[in-house]
Amino acid sequence: MTEVLDFKPAVTQAQDVLTIRDLKAYYVNDMFGVRREVRAVDGISLTVRRNEVYGIAGESSSGKTSLIKTLAGAIRPPMRVVDGSVNFSFGDTHIDVYAEPEKMKAARWQNLSYIMQGSMSVLNPVRRIKHAFNDFAFRHMGLDRRAFRQRVESHLQKLGLDPNVLEAFPHQLSGGMRQRVTIALATVCEPEFIIADEPTTALDVLVQQDVLGLLKEVQARLGSSVVFVTHDMSVHAAITDRLAIMYAGRLAEEGPTQAMFDNPQHPYTAHLIASLPRIGDVSTRKSLAGKPPSLANPPSGCRFHPRCPIAIDRCSKEVPEMLPSAIGGRVACFRAGEVAVK
Amino acid sequence: MFKVLRDLLRYNREFLFGSLLIAIILAVVVASYFAPYDEMMTYAVIPDMPPGSEYWLGTNSRGQDMFWQLAASMRNTLIFGIVVALISRVIAIAVGLISGYVGGKTDQAIMAFNDTLGALPNIPILLLLVFVLRDQMTWPVLALTAALLGWTHDSRLIRSVALSLRTREFTRHAAFSGMRTTQILLREHLPYVMPIVFFTTMNNLIWAIGLEVTLSILGFSDINRPTIGGMIYWANAHSAMVAGIWWWIAVPMVAVVMLFIGLFLLAMSVNEYIDPRSRLARMGA
Amino acid sequence: MNGFLIYVAKRFGQLVFVVVTGVTLAFLIAHFSPVDPVEQTLSLVTSFGATDPRSVEILRQSLRELYGTEGSLIEQYFLFWGRVLRGDFGPSLSAFPTPVMTIIGRALPWTIGLLTLATLIAWVVGNTLGAIAGYFRNSRAMKVVGLFVMALQPIPTYISGLTLLIIFGFLWPVLPISGGAQLNLEPGMTWAYISSVIQYGTLPALTLVLVGIGGWFISMRSLVSNIVTDDHVVYAELGGVPSRTVFSQYVARNAMLPQVTGLALSLGNVFGGAVIVEFIFNYPGIGKLMVAGIYAGDYSLVLGVTTFSVIAVAVAVFLIDITYPLIDPRVKLG
Ligand SMILES: Nc1ncnc2c1ncn2[C@@H]1O[C@H](COP(=O)(O)OP(=O)(O)OP(=O)(O)O)[C@@H](O)[C@H]1O
Ligand code: SF4
Ligand SMILES: [Mg+2]
């Protein structure tokens with residue numbers, strides 16, 4: 001794969017904070033002589049720019065969490081990075097995540113922070129919230145204890161949290177409060193790069209609005225980049241600048257969010273957008289025929305072909321490449337642009 | 001079942017080694033049925049002979065061939081352990097399945113009783129019983145008592161699985177189609193708990209045999225009936241170590257260690273096979 | 001604080017429940033035994049020489065009162081409770097007329113000292129090694145330790161005890177193998193006496209430690225290797241929190257919680273192990289007392305020691321249980 005750089009949209013290198021090249025990460029299960037591979041991330045390349053919110057969408061089990069765990073260097077057995085590279089550029093610091101783990105470690109929370117899926121359980125149940133701030137952030141702030149505490153308190157207040165939560169244990173906080181605390185934790189060091197995996201999925205709609213607004217506001221103020229993962233397309237419409245659609249461990253399409261909603265190039269994107277509820281629309285939306293693909297034994301050719309309404313012969317034999325699309329993004333489909341949005 | 005066994009033997013060194021140890025012990029047990037003289041007999045052979053070509057494991061001061069003594073003891077001790085394990089399995093499965101299936105207040109009451117029984121220290125109670133029963137404390141009585149004391153831990157494990165089965169689709173289905181509760185428990189739920197039952201059986205065997213050996217060493221069992229603990233009891237009574245007849249005490253000790261390590265390895269590897277999380281840990285990295 | 005009180009109240013209820021069950025069980029075993037303690041004692045006394053029938057009859061009467069074998073079952077049961085609550089188990093027969101409770105009182109410090117020390121050492125060492133082995137799964141040294149412990153774990157108390165006895169009593173006799181302290185020393189806070197107690201206690205304690213360590217090691221290792229994949233640990237590592245902090249505050253602290261409960265649950269077995277260790281090393285504690293009582297046919301001593309140890313174990317379990325909220329805020333704060 002030497003031509004990986006070809007797809008790049010017309011953006012100067014200096015703007016790219018994150019560059020992923022042909023990344024492959026599998027869950028490998030080797031037990032009693034039977035090897036089973038789940039190809040959760042199977043050849044993905046993308047870049048994320050400074051000061052943008054980059055969305056990743058896709059149905060459950062399409063590999064969204066696996067992808068961002070891999071790019072954050074957060075993999076654990078049985079997951080393995082099989083191929084490809086992940087590079088961050090923070091100012092003059094360039095980090096190859098899998099070649100330079102020490103550099104990556106130094107950058108954590110200083111330059112890059114992470115909001116995990118299921119933030120309900122990411123806080124240590126036996127320690128107070130203030131200890132989490134001490135452990136994660138104190139090193140990076142260059143402040144003495146008192147100044148640090150004041151800084152954290154004012155940061156919490158900006159996010160609508162009572163500074164008293166610092167003295168609480170996680171189980172004493174409501175789900176929404178805990179989610180805010182994790183956002184505060186991820187933003188207190190003002191990092192250039194924030195990764196958020198379904199930060200709002202477990203919350204009820206009102207709290208969800210709050211948390212989204214919060215995240216967007218923090219991002220805008222810091223001018224940082226955010227990778228935002230959710231399967232909820234309406235959230236993407238509201239918050240992301242660019243959007244990538246994942247299907248069965250691969251990218252189906254990527255492009256400016258607004259343009260993609262207006263004019264999706266990939267039939268799967270079109271399906272996701274069409275299945276969004278719209279005010280005044282009473283017709284029942286039809287769901288995709290067929291089963292979601294197995295990542296242990298994915299379909300040949302275009303992985304979407306068994307369910308694709310416009311599939312042709314070629315689709316089951318050849319793998320479509322990610323190529324520039326008509327709307328200024330990229331798309332992997334032999335019949336790109338041939339879908340009409342209803 | 002057969003495939004699981006083959007896989008375990010092939011890919012799990014602990015299981016292989018454990019099976020090997022147990023196989024040796026079973027071979028010795030089988031040999032006990034071909035003993036040349038009655039196992040209760042004393043002064044059947046020349047006393048105090050060290051291990052050698054004539055007497056593989058030597059002879060003791062009571063004129064018994066250590067090999068045949070060991071074979072009979074191993075058999076008796078194992079039978080004791082198996083009887084305890086079987087009886088306590090029946091109780092543990094019944095209590096666990098019923099408590100888990102019924103759920104609610106009844107389940108809580110059963111478990112409260114379960115935990116109370118489990119919290120009582122076994123040895124003092126057994127010793128009191130041994131004391132009052134004296135000669136009436138034959139090995140079947142002891143086995144029954146041990147079984148009555150040794151099921152509480154396992155029934156709790158079984159119950160936790162049964163509790164999760166209760167809400168499953170097939171249970172509702174079976175109940176709806178008019179299956180009787182006992183039928184549901186035996187046909188639908190029992191197969192699910194069998195792996196844990198197997199695992200706990202190993203642990204229970206270890207516990208029961210340990211109990212028997214403890215009481216025998218103290219001289220609180222029928223000391224004329226050969227058992228592993230009884231062998232150690234007699235060796236102690238004759239101050240075998242002081243007299244320099246080290247094999248008298250070494251033989252039962254090594255045998256019991258082999259037996260326990262064998263059972264323990266089997267239990268560990270089976271547990272690992274059941275629990276996917278420890279499978280991951282095993283893969284390491 | 002409210003959550004804590006509710007928790008303690010619940011545990012206390014359990015304690016009462018266990019004690020009542022244990023005492024009742026002891027009473028029933030003693031009551032329905034085919035052996036009549038009065039007749040047994042009488043035959044023991046009369047076997048020392050001819051006694052005239054009238055004084056035997058008087059003795060029988062007073063023994064009946066002593067053992068509480070008069071009246072209906074219910075009356076006897078409550079009589080028994082009265083004696084348990086007063087701590088009065090009558091005089092020991094083998095050390096007549098010393099009260100059973102006095103004998104227990106003499107033996108108690110030995111057992112408590114031995115068990116507390118050995119159990120704590122085994123728990124701390126086993127859990128520490130297990131946590132390290134679980135966290136640094138690829139460390140060679142920990143794999144060797146793990147193998148060693150795995151081989152040690154299934155070996156029962158009496159085998160470890162006898163092995164130590166043989167090694168340090170016969171092959172390389174450097175440590176005392178029988179008794180609690182040197183006999184010719186006056187018990188007291190003197191250096192000579194204390195060092196003697198430590199020397200005599202080494203082998204019994206070592207046996208219990210060797211027997212106990214394996215279980216803690218293995219369960220802690222598997223707890224830790226599960227906890228390291230928990231979200232809050234993964235998150236801390238992602239956050240660049242120093243490994244030492246992650247290990248101690250995120251992994252070990254959480255893995256410790258079930259081990260405290262486990263400690264409480266294990267006490268019954270630990271006590272069983274103590275009986276055999278005290279027997280092997282002739283250690284002057286409760287366990288040896290129980291065995292000696294059985295050998296001597298001392299009814300009141302055996303019943304007293306049994307009842308007492310059931311209660312003592314239950315109380316110890318309770319004491320450990322109520323420290324649990326101190327380390328788990330979820331219980332303390334409800
Ligand atoms: N530890 C694991 N071992 C094996 N397979 C795994 C493991 N974790 C995840 N997978 C598989 O990897 C695939 C991708 O999972 P992933 O969690 O990345 O999906 P996702 O898009 O984030 O889904 P969701 O929207 O539900 O969060 C799934 O098929 C899943 O079953
Ligand atoms: S490549 Fe073929 S199957 Fe795949 S999305 Fe396009 S049309 Fe459908
Ligand atoms: Mg996910």
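Predicted model only: the values in this text are computed from it and were never measured.

### Topic: the confidence of the model for chain C
Low-pLDDT stretches of the model should not have their predicted coordinates read in fine detail. Residues and elements named next belong to chain C. Mean pLDDT for chain C: 86, with 97% of residues reaching 70 or above. Of all the helices and strands in chain C, helix α2 (residues 37-46) carries the lowest mean pLDDT, 74, while helix α5 (residues 100-135) carries the highest, 93. Among the scores for the predicted complex, ipTM is 0.86 and pTM is 0.84.

### A look at the pattern of salt bridges
Residue and element names in this part refer to chain A. Here the structure, examined in full by the defined rule, presents 21 salt bridges over all chains. With a shortest N-O distance of 4.0 Å, Arg 221 and Glu 217 are connected by a salt bridge. Taken together, the residues Arg 221 and Glu 217, both in helix α6 (residues 205-222) and four residues apart, mark about one turn of the helix. Note that Arg 335 is salt-bridged to Glu 338, the shortest N-O span being 2.9 Å. One salt-bridge network, in which partners are shared between bridges, spans Glu 52, Arg 242, Glu 254 and Arg 330.

### Some remarks on the interface of chain B and chain C
Opposite the 40 residues of chain B that make contact, chain C presents 51 residues. For the pairing of chain B and chain C, the buried interface totals around 4100 Å² over both sides, and the portion due to carbon and sulfur atoms is 81%. Here chain B and chain C share zero salt bridges between them. Mapped onto the side of chain B that touches chain C, the elements with two or more residues apiece are α4 (104-119), α5 (122-133), α9 (181-217), α10 (228-237), α11 (240-243), α12 (246-274) and α13 (276-283) of chain B. No other element matches α5(B), which puts 10 residues into the side of chain B that touches chain C.

### Some remarks on the pairing of strand β8 (residues 225-229) of chain A
Residue and element names in this part refer to chain A. Burial analysis of β8 places five of its five residues in the buried class, which makes it a mostly covered element. The side-chain alternation of β8 yields two buried faces, one formed by Ser 225, Val 227 and Val 229 and the other by Val 226 and Phe 228. With four bridges connecting them, strand β3 (residues 53-57) and β8 associate as parallel partners. Within the sheet, the bridge partner assigned to Gly 55 lies in β8 and is Phe 228.

### Focus on empty space enclosed by the protein
Counted by the stated rule, this structure contains seven cavities of 30 Å³ or more. A volume near 90 Å³ is recorded for the largest cavity. Residues that form the lining of the second largest cavity fall into these classes: four nonpolar, three polar and three charged.

### So, the sheet that holds strand β6 (residues 112-115) of chain A
Residue and element names in this part refer to chain A. Read from one edge of the open sheet, eight strands run β6-β7-β8-β3-β9-β10-β12-β11, paired in mixed fashion. The strands lining the two open edges of the sheet, one partner per strand, are β6 and β11 (323-324). When strand β10 (residues 250-256) meets strand β12 (residues 330-331), the two strands line up antiparallel, connected through two bridges. Residue Glu 254 lies in a different strand from β12, and its bridge partner there is Arg 330. Against the sheet, helix α5 (residues 175-187) makes contact with β6 and β7 (193-197), and its axis sits at roughly 170 degrees relative to β6, the strand it touches most.

### Notes on a nonpolar patch on the surface
On the surface, a cluster of nonpolar side chains totalling about 610 Å² of accessible area is made up of B:Val242, C:Ile167, C:Phe170, C:Leu171, C:Trp172 and C:Val174. Examining the composition of the nonpolar patch, we find that three residues originate from one element, helix α7 (residues 157-171) of chain C, more than from any other. Note that C:Phe170 resides in helix α7.

### Some thoughts on the side chain of B:Ser88
Residues and elements named next belong to chain B. Along the chain, Ser 88 falls in helix α3 (residues 66-102). Here the side chain of Ser 88 touches Arg 89 through a polar contact of 3.0 Å, side chain to side chain. Not counting chain neighbours up to four residues away, the residues in contact with Ser 88 comprise Ala 147, Gly 150, Trp 151 and Asn 204.

### As for the layout of surface pockets
As a volume, the second largest pocket reaches approximately 870 Å³. Considering the residues around the second largest pocket, the lining is formed by 25 residues, among which A:Gly73, A:Ile75, A:Arg76, A:Arg108 and C:Glu237 are closest to the centre. Mapped onto the lining of the second largest pocket, the elements with two or more residues apiece are α2 (101-107) of chain A together with α9 (231-238) and α10 (243-280) of chain C. Examining the composition of the lining of the second largest pocket, we find that four residues originate from one element, α2(A), more than from any other. Split into classes, the residues belonging to the lining of the second largest pocket amount to 16 nonpolar, three polar and six charged.

### Examining the site of ligand 1
Residues and elements named next belong to chain A. By nearness alone, 15 residues border ligand 1, and Ser 60, Ser 61, Lys 64, Thr 65 and Ser 66 come closest of all. Between ligand 1 and the protein, one listed contact pairs an oxygen atom with a backbone N or O atom of Ser 61 at 2.8 Å. Between an oxygen atom of ligand 1 and a main-chain N or O atom of Gly 63, the distance comes to 3.0 Å. Coverage of ligand 1 by the protein chains reaches 68% of its 630 Å² of free accessible surface. Listed by contribution, the elements that provide at least two residues to the shell around ligand 1 are β2 (34-49) and α1 (64-71). Ranked by residues supplied to the shell around ligand 1, first place goes to α1 with three residues. Taken together, the residues of the shell around ligand 1 sort by class into five nonpolar, seven polar and three charged.

### Things to note about the site of ligand 2
Residue and element names in this part refer to chain A. Around ligand 2, a shell composed of His 266, Pro 267, Cys 302, Phe 304, His 305, Cys 308, Ile 310, Ala 311, Cys 315, Cys 333 and Phe 334 is seen. For ligand 2, the cavity whose grid points lie within 2 Å of the majority of its atoms is the largest cavity. Among the residues forming the shell around ligand 2, the class breakdown is nine nonpolar, two polar and no charged.

Conventions and cut-offs
- Residues numbered from 1 in each chain as written.
- Chains lettered and ligands numbered in written order.
- Predicted model: local features only at pLDDT ≥ 70, side-chain atom pairs only at ≥ 80, totals over all residues.
- Heavy atoms only, no water.
- pLDDT = per-residue confidence, 0-100.
- Helix = DSSP H or I, 4+ residues; strand = E, 2+ residues; numbered from the N terminus.
- Salt bridge = Lys/Arg side-chain N within 4 Å of Asp/Glu carboxyl O.
- Contact = heavy atoms within 4.5 Å.
- Buried area = accessible area lost by both parts, 1.4 Å probe.
- Buried < 20%, exposed > 50% of the residue type's maximum accessible area, 1.4 Å probe, protein only.
- Pairing = 2+ DSSP bridges.
- 1 Å grid on protein atoms, 1.4 Å probe; cavity = no way out; pocket = protein on both sides within 12 Å on 5 of 7 lines; lining within 4 Å.
- Points joined across faces, edges and corners; volume = space filled by probe spheres on them.
- Nonpolar A, V, L, I, M, F, W, Y, C, P; charged D, E, K, R; others polar.
- Axes fitted to C-alpha atoms, helices over the stretch in contact; angles between N-to-C directions.
- Patch = residues over 30% accessible without salt bridge, like charges linked within 9 Å, V, L, I, M, F, W, Y side chains within 5 Å.
- Areas by Shrake-Rupley, 256 points an atom, 1.4 Å probe, with all protein chains shown as cover.
- Polar contact = N/O pair within 3.5 Å; in protein donor to acceptor, adjacent residues only side chain to side chain.
- Near = heavy atom within 4 Å.
- Sits in = over half its atoms within 2 Å of the grid points.

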